[in-house]
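Commentary on secondary and tertiary structure
Here are the chains, one letter per residue:
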Amino acid sequence: MAALDRVKVLVLGDSGVGKSSLVHLLCQNQVLGNPSWTVGCSVDVRIHDYKEGTPEEKTYYIELWDVGGSVGSATSVKSTRAVFYNSLNGIILVHDLTNKKSSQNLYRWSLEALNRDVAPTGVLVTNGDYDREQFADNQIPLLVIGTKLDQIPETKRNEVLTRTAFLAEDFNAEEINL
Amino acid sequence: MSFLIDSSIMVTSQVLFFGFGWLFFMRKLFKDYEVRQYVVQVIFSVTFAFSCTMFELIIFEILGVLNSSSRYFHWKLNLCVILLILVFMVPFYIGYFVVSNIRLLHRQKLLFACVLWLTFMYFFWKLGDPFPILSPKHGILSIEQLISRVGVIGVTLMALLSGFGAVNCPYTYMSYFLRNVTDADILALERRLLQTMDMIVSKKKSLDCAGLLDLSLIQQEVDALEELSRQLFLETADLHATKERIEYSKTFQGKYFNFMGYFFSIYCVWKIFMATINIVFDRVGKTDPVTRGIEITVNYLGIQFDVRL
């Protein structure tokens, strides 16, 4: 089984947006009954048949690394988190549709994951401002997921969805709202 | 006429303090979070504004600014409002928000919030029993009753906070307590953490093609490894924090705080010693060194200043 290629995907977002529930749903196909705070990083795997049905079909193991914590953590926690950010194949950015700050913090999350210094016990080098130019040559694909859509009343859904569409466009990413 | 001028000065300063409290809440306290209930922000700013106004009134009293009668009026007004906020509004809202978070009691939030507030009032009133507050001059539902209780709680909280600060500050800033952490230590621990994560991944992959018997065994191993990874993460974060503290202690600010740590440790030990002696020998404490130092300095500079105020 280890002979299959590994694909490492990072799941990032603020505390309490639903990353662990999302990962559990994707990998175990059932809803997480008792969500608790993620300390450090929790990993789960999912088998995926790439290009199913075609002659080039290949089975991959997708590893979903769910990193806990908030974007305003102490520098020591950020440096420790940086250990999980190497050799990425993709990033899933999760935000809460009922909480505007979590969408704004996604910019800082993406900067943290993509802009890290190469030094091993690295000092993170960011200037804090989001600049689309920095992501122009970014090879790692991004996916933006908005959670808790059911908690928004029907009348407000349209404006929330337009706002998230702008967000996904900024990252040059696909988006899913659930 | 002067009353109007004085009132406008007070109101202006109150509005300024309110704005400052609002900004502080927004920029510092809730920098990374979203404010869902603006009531909280309003109450915080109002409490802050009135507390600062009380302090301002005391300063005015010492310096003799403003008309005496308008000062008295504002002082009473301030006191009433602050007591109203502290004893009625803040406990009620704390109870209300606590109840909103518990799913069982969601239906009758208001009722349970009132129940919580009444419990708080009962214990609050009970607090005054051991103290000789009740006197025949004042009735039972007077301001004096409330103020004395609030005062007791306030002074106790401040004593607890300064005690905590006195112990925590030297421990945080003195280099005596710092372990020696090298980059190699951190690298080794990070490597262990990544290895543990890789082991978790490979075990989860083997979960898919394992027989029914092995399933629970592998699940147990995965749980143990996940617990290990959490511990390793926390240890690595701790090492990073220690390394930062070591670097901070080498700066000028760090050295200054280190020196202050030693100074205050010795001062605290001396204070405890003196307090014990005072209690044992039943002496009335005289002015402490800081007040005595200010007294000497001020007399040297020739300013008329009543230090004991």
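Residues numbered from 1 in each chain as written. Chains lettered and ligands numbered in written order. Predicted model: local features only at pLDDT ≥ 70, side-chain atom pairs only at ≥ 80, totals over all residues. Heavy atoms only, no water.

With an unreviewed UniProt entry as reference, chain B is termed GPHR regulator, source organism Ceyx cyanopectus. Turning to chain B, the UniProt record has this under Subcellular location (unreviewed entry): "Membrane". We quote the UniProt Sequence similarities (unreviewed entry) comment for chain B here in full: "Belongs to the Golgi pH regulator (TC 1.A.38) family." (UniProt positions renumbered as here; feature names shortened; annotations may be inferred.)

Under an unreviewed UniProt entry, the name given to chain A is Rab-like protein 3, and the organism recorded is Ceyx cyanopectus. UniProt's Function (unreviewed entry) comment on chain A is quoted here verbatim: "Required for KRAS signaling regulation and modulation of cell proliferation. Regulator of KRAS prenylation, and probably prenylation of other small GTPases. Required for lymphocyte development and function. Not required for myeloid cell development." Entered under Sequence similarities (unreviewed entry) in the UniProt record, the comment concerning chain A runs "Belongs to the small GTPase superfamily. Rab family."

The next subject is the environment of Lys-205 of chain B. When you line up the elements, Lys-205 of chain B lands in helix H6 (residues 183-208). The buried category is assigned to Lys-205 of chain B, whose relative accessible area is 9%. Filtering out sequence-adjacent residues up to four positions away, Lys-205 of chain B remains in contact with Arg-6, Val-45, Tyr-61 and Glu-63 of chain A. (Helix = DSSP H or I, 4+ residues; strand = E, 2+ residues; numbered from the N terminus. Buried < 20%, exposed > 50% of the residue type's maximum accessible area, 1.4 Å probe, protein only. Contact = heavy atoms within 4.5 Å.)

In this model, the largest pocket occupies a volume close to 1,700 Å³. Secondary structure elements with two or more residues in the lining of the largest pocket: helix H1 (19-28) and helix H3 (100-114) of chain A together with helix H3 (68-101) and helix H7 (212-250) of chain B. Taken together, the residues of the lining of the largest pocket break down into 16 nonpolar, 22 polar and 12 charged. Each of two domains, domain 1 (1-130) and domain 2 (177-250) of chain B, supplies a minimum of three residues to the lining of the largest pocket. By volume, the second largest pocket is sized at about 820 Å³. Around the second largest pocket, the lining comprises 30 residues; the ones closest to its centre are His-24, Gln-28 and Asp-44 of chain A together with Lys-204 and Glu-226 of chain B. Grouping the constituent residues of the lining of the second largest pocket by class yields 13 nonpolar, 9 polar and 8 charged. (1 Å grid on protein atoms, 1.4 Å probe; cavity = no way out; pocket = protein on both sides within 12 Å on 5 of 7 lines; lining within 4 Å. Points joined across faces, edges and corners; volume = space filled by probe spheres on them. Nonpolar A, V, L, I, M, F, W, Y, C, P; charged D, E, K, R; others polar. Domains from an automatic or database assignment.)

All names here are of chain A. If you trace the 6 strands from one edge of the open sheet to the other, you get E2-E3-E1-E4-E5-E6, paired in mixed fashion. In this open sheet, the two edge strands, each paired with only one partner strand, are strand E2 (41-50) and strand E6 (174-177). Averaged over all pairs of adjacent strands, the angle between strand axes in this sheet comes to 25°, irrespective of strand direction. Pairing of strand E4 (residues 90-96) with strand E5 (residues 142-147), which is carried by 6 bridges, proceeds in the parallel orientation. By the bridge assignment for E5, His-95 is matched with Gly-146. (Pairing = 2+ DSSP bridges. Axes fitted to C-alpha atoms, helices over the stretch in contact; angles between N-to-C directions.)

Backbone geometry at Ser-87 of chain A places phi at a positive 50°, although glycine is not the residue there. A relative accessible area of 60% places Ser-87 of chain A in the exposed class.

Let's shift gears to the packing of helix H1 (residues 2-29) of chain B against H3 of chain B. All names here are of chain B. In the contact formed by H1 and H3, the axes pass within 10 Å of each other and the chain directions differ by 40°. Classified by the interaxial angle, the pair formed by H1 and H3 is oblique. Taken as a pair, H1 and H3 cross one another with a handedness that is right-handed. Residues Phe-3, Asp-6, Ser-7, Met-10 and Gln-14 of H1 form the contact with H3, whose participating residues are Ser-70, Phe-73, His-74 and Asn-78. For the contact of H1 with H3, the residue count by class is 3 nonpolar, 5 polar and 1 charged. (Parallel < 35°, antiparallel > 145°, perpendicular 65-115°, else oblique. Left-handed = near helix turned anticlockwise from the far one by under 90°.)

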